[in-house]
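Structural overview
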Amino acid sequence: MGFGIMFFGCILLAETAGTELAGFLLLYFGMRTACEHCDCFVLPKKLCYAGMALSAVKLAMQITKAFGITLMNATAEGYFASIYTAFMVFFYAAFFVGIARIADETGLPSIKSMAYANVVLSSLFMVLSRVCYALVSFAPAELLGDHKAQVLGTAMLLPILVMLLSAILVFRCYMHICLEGDEDMEQKKNSFKSPVDFYEKDRYKRNAQSGKKNIHHKKKK
C-alpha cells in the first residue's frame, strides 16, 4: 500500500532538519503506490508537488544563507514562512483525512480517530510554531526577557511533534492495513522491525499485488 515509503517521508518532514524536499518526494512515491489501490490519497499526492516546490525554495534559502547570500529580505522571508506554514497545515489535514478514509474502509476505528485528532493537533502545533517564531523575530526584547531561548526552542520543537504524530499514524497503518491476499502473511519471530524491514516488506507487497486495484484489508493478528 505504500505506507513503508510514506513512513520514511514523514520522518524527513521535520522542519529543522532541512530534509523536507526528500520527505515530500518519498511521500509522493508512497501515495502513488497507494493510489493504485484506492483513491484516499489523490489530493495529498497532488499537494506533494507544491510541497516539493516550496521545500526546494526553503532549502535554497538555507544553503545560500550558510554562505552569506540573501535571496529574500526579512519581510519576504516572513511572508514565505507564513505561506509555508499555511501549506503544511493544509497538507497534513488532507493527508490525515486520507488515512481516516482508508481506516474507515478497513474497519479500524482507532486509527480513524487518531487521524482526525491529528488534523486538529497538527494545525494547532504548526500555527503555534509560527507564532513563536514571529515573537522571537518581532516582539520587543522586554516582552520575552530571558525566555527568548525557550520560545525559540518551542518553535523548533512543535513541527517535530507533528512529524512524530504523522510517523506513528503511518506506522500503525503499515502494521494493520494490507492488500487482499496478505492478511495471513507470516510474521517474523522477532517483533522488532527496522525501517529496512518496513521498506522490504512494503516492496514485496507492491510487487506481489501490482495488478490489483482498489483492494485493501485489515491485517489479521
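Residues numbered from 1 in each chain as written. Predicted model: local features only at pLDDT ≥ 70, side-chain atom pairs only at ≥ 80, totals over all residues. Heavy atoms only, no water.

**Brief notes about the pattern of salt bridges**
Quick reminder of the rule: In what follows, salt bridge is the name for a side-chain nitrogen of Lys or Arg lying within 4 Å of a carboxyl oxygen of Asp or Glu. Helix and strand definitions follow DSSP, with helices as H or I runs of at least four residues and strands as E runs of at least two, each counted in order from the N terminus. The classification of residues rests on relative accessible area computed with a 1.4 Å probe and restricted to protein chains. Under 20% of the type maximum is buried, over 50% is exposed, and intermediate values are partly exposed.
A complete count under the given rule lists four salt bridges for this structure. Linking R101 and D39 is a salt bridge whose minimum nitrogen-to-oxygen distance equals 3.0 Å. Placement of the pair is R101 in helix 4 (residues 74–105) and D39 in the loop between helix 2 (20–34) and helix 3 (42–66), with a sequence separation of 62 residues. The closest approach of N and O atoms between K65 and E77, which form a salt bridge, is 3.3 Å. Linking K65 in helix 3 with E77 in helix 4, this pair joins segments that are twelve residues apart in sequence. You can call E77 partly exposed: its relative accessible area is 23%.

**Topic: the packing of helix 1 (residues 3–11) against helix 7 (residues 148–176)**
Under the convention used in this document: Axes, fitted as lines to C-alpha atoms, cover a helix only where it is in contact. Angles between the N-to-C directions of the axes lie from 0 to 180 degrees. By definition in this entry, angles of less than 35 degrees are roughly parallel, angles greater than 145 are roughly antiparallel, angles of 65 to 115 are roughly perpendicular, and the rest are oblique. In this description, contact between two residues means that some pair of their heavy atoms is separated by no more than 4.5 Å. Each residue is assigned to one class: nonpolar for Ala, Val, Leu, Ile, Met, Phe, Trp, Tyr, Cys and Pro, charged for Asp, Glu, Lys and Arg, and polar for all the others, Gly among them.
Running from amino to carboxyl end, helix 1 crosses helix 7 at an angle of 170°, the nearest separation of the two axes being 9 Å. With respect to each other, helix 1 and helix 7 are oriented roughly antiparallel. Where helix 1 abuts helix 7, its residues F3, G4, M6, F7, C10 and I11 lie against M163, S166, A167, V170, F171, C173 and Y174. Tallied by class, the residues present in the contact of helix 1 with helix 7 amount to eleven nonpolar, two polar and no charged.

**Side note on the packing of helix 2 against helix 4**
Short version of the rule: In a left-handed crossing the near helix is turned counterclockwise from the far helix by less than a right angle, and in a right-handed crossing that turn is clockwise.
Two elements in contact, helix 2 and helix 4, have axes separated by 14 Å at closest approach and are oriented at 25°. Taken together, the axes of helix 2 and helix 4 are roughly parallel relative to one another. The element helix 2 and its partner helix 4 pack so that their crossing is left-handed. Here helix 2 contributes E20, F24, L27 and M31 to the contact with helix 4, which in turn contributes Y84, F87, M88, F91 and F95. In terms of residue class, the contact of helix 2 with helix 4 is made up of eight nonpolar, no polar and one charged.

**As for helix 7**
As a reminder of what qualifies: Each residue after the first adds 1.5 Å to the expected span of a helix.
For helix 7, with 29 residues, the first-to-last C-alpha span of 43 Å sits near the 42 Å given by 1.5 Å per residue. Buried within helix 7 are the following residues: V151, A155, L158, P159, V162, M163, S166, A167, L169, V170, C173 and Y174.

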